[in-house]
Amino acid sequence: MLKLRLITYGCQANELDSERIAGLLGREGYELIEHDEEADLIILNTCAIREKAEQKVYSRLGTFRELKRRKKGLRVGICGCVAQQEGQALLNRFPYLDFVVGPAQLTSIPTLLRERANRGIATARAPAFSYPSTAPIHRRSGIKAWVSIMEGCDRFCAFCVVPFTRGRERSRPPQEIVEEIRGLKEQGYREVTLLGQTVNSYGKNPRAPATFVELLRMIDHIIEGEMRVRFTSPYPGDVTEELAEALADLHSLCEHIHLPVQSGSNRTLRRMKRGYSRDDYLGKVELLRTRVPELALTTDIIVGFPGETERDFEETLSLIQDVGYDGAFIFKYSTRPHTPAARMSDQVPEEVKGHRLEQALGLLNMLSLERNRAYLGRTVEVLVDREDVKGDAVRLAGRTRGNKIVHFSGEEQRDGDLVPVAITGASALHLQGEIVSNGTKSLWKKDLTTLHPLSMIS
Ligand code: SAH
Ligand code: F3S
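Quick caveat: nothing in here was measured; it's all calculated off a predicted structure.

1. A closer look at the nonpolar core
Reasoning step 1: Judged by nonpolar contacts, the single largest core of 58 residues is most densely connected at Ile181, Leu194 and Phe231.
Reasoning step 2: At seven residues, the largest contribution of residues to this core is made by helix α9 (residues 212–223).
Reasoning step 3: Setting aside anything within four residues of it in sequence, one finds Ile181 in contact with Val147, Val192, Leu194, Ile219, Ile222, Ile223 and Met227.
Reasoning step 4: Ranked by size, the runner-up nonpolar core spans 27 residues in total, among them Ile7, Leu44, Cys81 and Ala83.

Structural data, given as structure tokens:
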């Protein structure tokens, strides 16, 4: 068998794309390996969301020059968002690179590999093509699966490169999604995460015969309580009453939402072109928490967006405080090619961004710790997944329905088991606990959980 070393950077969409690449190349006789030196083919599946992510790719790519000289026949390709963004420039800059393939052209990889004589490029000016449902996906986990329900993004937030690298928004037909999930259920998967850049805006282009919430209900119906369902990431402007209701009454749907806010300042939100105000966002949070009091809420925040004043930043701090997030990814603004924010004149100095990042992280950790401490003494449903624990064989880990990582001890439990765990310890990032009884196979119904509304405690 030929040996494929696949290195993945970036978001869940990229993780799924790598599983697609592995599926396509599995069909061509490649098996996945973990070491660069043994490979016949090395593929970097890249991320362009921030400059640092892009730099990582270039420095890794640099190390393959020598390897290629030593190993005749080794081929090196680059896929993903950096490939789409840079295109031909990558082939010029790295003469030892064999091919460059954008995220919407993955199915061209086998053909490019067969055309050995040429250096291949497959990037589209306006990526429109979706991965065909008949093409294989080689999933890394047998328990949790990513399922793409829409690709691309039409929102063009002023800082974001995604609409340029992943193209216009396009939704998959609902029946195709439902069939894929039915297949996963039959294979014994326990959790599915629906993916899209603005996942709850699903169904607009081309107009699908189901809205996002209708799709959630169709999925809930066919999986009959056998799997957990998550989705990421929703766009706050499209959070509706119907979605809040679905979160409250669909048993399969986990009580967690990752709702990117980006900033707490109206002025900054406007300049970012996010399409909602601070009050709009807080209104959505209130709607969700009223319907689902135990909801875990996480977010993305950017500090140091061009023109962000100390006062704007304080508004972000006060929003973090007002919402009381369970967790957040906080990023320093990074200038991205093609984006309107890159051309704004009032860029914020690096050291100011760094200082704001530290301040925001400090506040966030304090609040997440408080939220996690509210779980002490409670029993939660945990899906065992050893990937969440590093090293130690006896210690287990898994995730609650609220997506919190829980560490606990256990010998009989296996990956994919659902177990009740009593929470005995909490830090800002994790919970610790003990198994209450032997692992149960069936999913708990929401009304049987011992969770209390967090809002009543904090
Ligand atoms: N809608 C997508 C966003 C993908 S990008 C989703 O939620 O899945 C993920 C996060 O990266 C964004 O929410 C934003 O907080 C951050 N990000 C995007 N562009 C950035 C930039 N230029 N600088 C810093 N952070 C950025
Ligand atoms: Fe990016 Fe905004 Fe879309 S953050 S992915 S342009 S919703």
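2. Digging into the domain arrangement of the protein
Reasoning step 1: Each assigned domain of the protein is listed with its residue range as follows: domain 1 (2–122), domain 2 (144–373) and domain 3 (379–435).
Reasoning step 2: Relative placement of domain 2 and domain 3: their C-alpha centres are 25 Å apart.
Reasoning step 3: Each partner contributes to the interface: domain 2 provides 18 residues, whereas domain 3 provides 19 residues.
Reasoning step 4: Summing both sides of the interface, domain 2 and domain 3 together bury roughly 1400 Å²; the carbon and sulfur share of this comes to 45%.
Reasoning step 5: Applying the counting rule to domain 2 against domain 3 returns four salt bridges.
Reasoning step 6: Taken together, the connections running from domain 2 to domain 3 amount to 13 residue pairs in polar contact (both at pLDDT 80 or more).
Reasoning step 7: Among the secondary structure elements, those contributing two or more residues to the side of domain 2 that touches domain 3 are β11 (228–232) and α14 (350–373).
Reasoning step 8: Residue contributions to the side of domain 2 that touches domain 3 peak at five residues, all from α14.
Reasoning step 9: For the side of domain 2 that touches domain 3, the per-class residue count stands at four nonpolar, six polar and eight charged.

3. Details of the site of ligand 2
Reasoning step 1: Around ligand 2 sit Cys153, Arg155, Phe156, Cys157, Phe159, Cys160, Val162, Pro163, Gln197, Thr198 and Arg274, and those are all the residues in its vicinity.
Reasoning step 2: When the residues that make up the shell around ligand 2 are grouped by side-chain class, the tally is seven nonpolar, two polar and two charged.

4. Thoughts on the side chain of Ser18
Reasoning step 1: On the secondary structure map, Ser18 appears in helix α1 (residues 12–26).
Reasoning step 2: Using a relative accessible area of 6% as the deciding quantity, one classes Ser18 as buried.
Reasoning step 3: Residues in contact with Ser18, not counting those within four places in the same chain, are Leu6, Thr8 and Asn45.

5. Notes on the sheet that holds strand β13 (residues 296–303)
Reasoning step 1: The three strands lie next to each other as β12-β13-β14, forming an open sheet whose pairing is parallel. Strands with a single pairing partner mark the edges of an open sheet, and in this sheet they are β12 (256–258) and β14 (327–332). Averaged over all neighbouring strand pairs, the angle between strand axes comes to 10°, with direction disregarded.
Reasoning step 2: Here β12 runs beside β13; their pairing, made up of three bridges, is parallel. Looking across to β13, one finds that His258 is bridged to Thr298.

6. Notes on the pairing of strand β18 (residues 418–426)
Reasoning step 1: Here strand β15 (residues 379–384) pairs with β18 via five bridges, running antiparallel. When the bridges of β18 are listed, Thr379 appears paired with Ala422.
Reasoning step 2: As paired strands, β18 and strand β19 (residues 430–435) are joined by five bridges and run antiparallel to one another. From the neighbouring strand, Gly425 faces β19, where its bridge partner is Gln432.
Reasoning step 3: Hairpin geometry of β18 and β19 is characterised by an intervening segment of three residues between the two adjacent antiparallel strands.

7. A few points about α14
Reasoning step 1: In this model α14 runs 34 Å from its N-terminal to its C-terminal C-alpha over 24 residues, within 8% of the 34 Å that 1.5 Å per residue would give.
Reasoning step 2: For α14, the complete set of buried residues consists of Lys353, Gly354, Arg356, Leu357, Ala360, Leu363, Leu364, Leu367, Ser368, Arg371 and Asn372.

8. A short note on the environment of Glu191
Reasoning step 1: Here Glu191 is to be found in strand β10 (residues 191–195).
Reasoning step 2: Sequence separation of Glu191 and Cys79 is 112 residues, and the distance between their C-alpha atoms is 27 Å.
Reasoning step 3: Side chain to side chain, Glu191 and Arg230 meet in a polar contact 3.0 Å long.

9. Describing the site of ligand 1
Reasoning step 1: Contacts to ligand 1 come from 14 residues, most closely from Gln197, Ser233, Gln262, Asp300 and Ser334.
Reasoning step 2: Arg50 is positioned such that a nitrogen or oxygen atom in its side chain is 3.1 Å from an oxygen atom of ligand 1.
Reasoning step 3: Considered on its own, ligand 1 offers 540 Å² of accessible surface; in the complex 86% of this is hidden by protein.
Reasoning step 4: Of all the secondary-structure elements, those providing two or more residues to the shell around ligand 1 are β13 and β14.
Reasoning step 5: Here the residues of the shell around ligand 1 sort into six nonpolar, four polar and four charged.

10. Thoughts on the side chain of Asp300
Reasoning step 1: You can see Asp300 is positioned in strand β13.
Reasoning step 2: Dropping the residues within four chain positions of it, Asp300 is found in contact with His258, Pro260, Val261, Gln262, Phe329 and Phe331.

11. Details of the sheet that holds strand β3 (residues 41–46)
Reasoning step 1: Overall, parallel pairing links the six strands, which are arranged β2-β1-β3-β4-β5-β6 in an open sheet. Because the sheet does not close on itself, it has two edges, and the strands there are β2 (30–33) and β6 (120–122). Each neighbouring strand pair of the sheet contributes to a mean axis angle of 20°, computed without reference to strand direction.
Reasoning step 2: Relative to β3, strand β1 (residues 2–8) is paired through five bridges, and the arrangement is parallel.

About the cut-offs
Residues numbered from 1 in each chain as written. Chains lettered and ligands numbered in written order. Predicted model: local features only at pLDDT ≥ 70, side-chain atom pairs only at ≥ 80, totals over all residues. Heavy atoms only, no water. Core = buried A, V, L, I, M, F, W, Y, C linked by side-chain atoms within 4.5 Å. Buried < 20%, exposed > 50% of the residue type's maximum accessible area, 1.4 Å probe, protein only. Helix = DSSP H or I, 4+ residues; strand = E, 2+ residues; numbered from the N terminus. Contact = heavy atoms within 4.5 Å. Domains from an automatic or database assignment. Buried area = accessible area lost by both parts, 1.4 Å probe. Salt bridge = Lys/Arg side-chain N within 4 Å of Asp/Glu carboxyl O. Polar contact = N/O pair within 3.5 Å; in protein donor to acceptor, adjacent residues only side chain to side chain. Nonpolar A, V, L, I, M, F, W, Y, C, P; charged D, E, K, R; others polar. Near = heavy atom within 4 Å. Pairing = 2+ DSSP bridges. Axes fitted to C-alpha atoms, helices over the stretch in contact; angles between N-to-C directions. Expected span 1.5 Å × (residues − 1). Areas by Shrake-Rupley, 256 points an atom, 1.4 Å probe, with all protein chains shown as cover.

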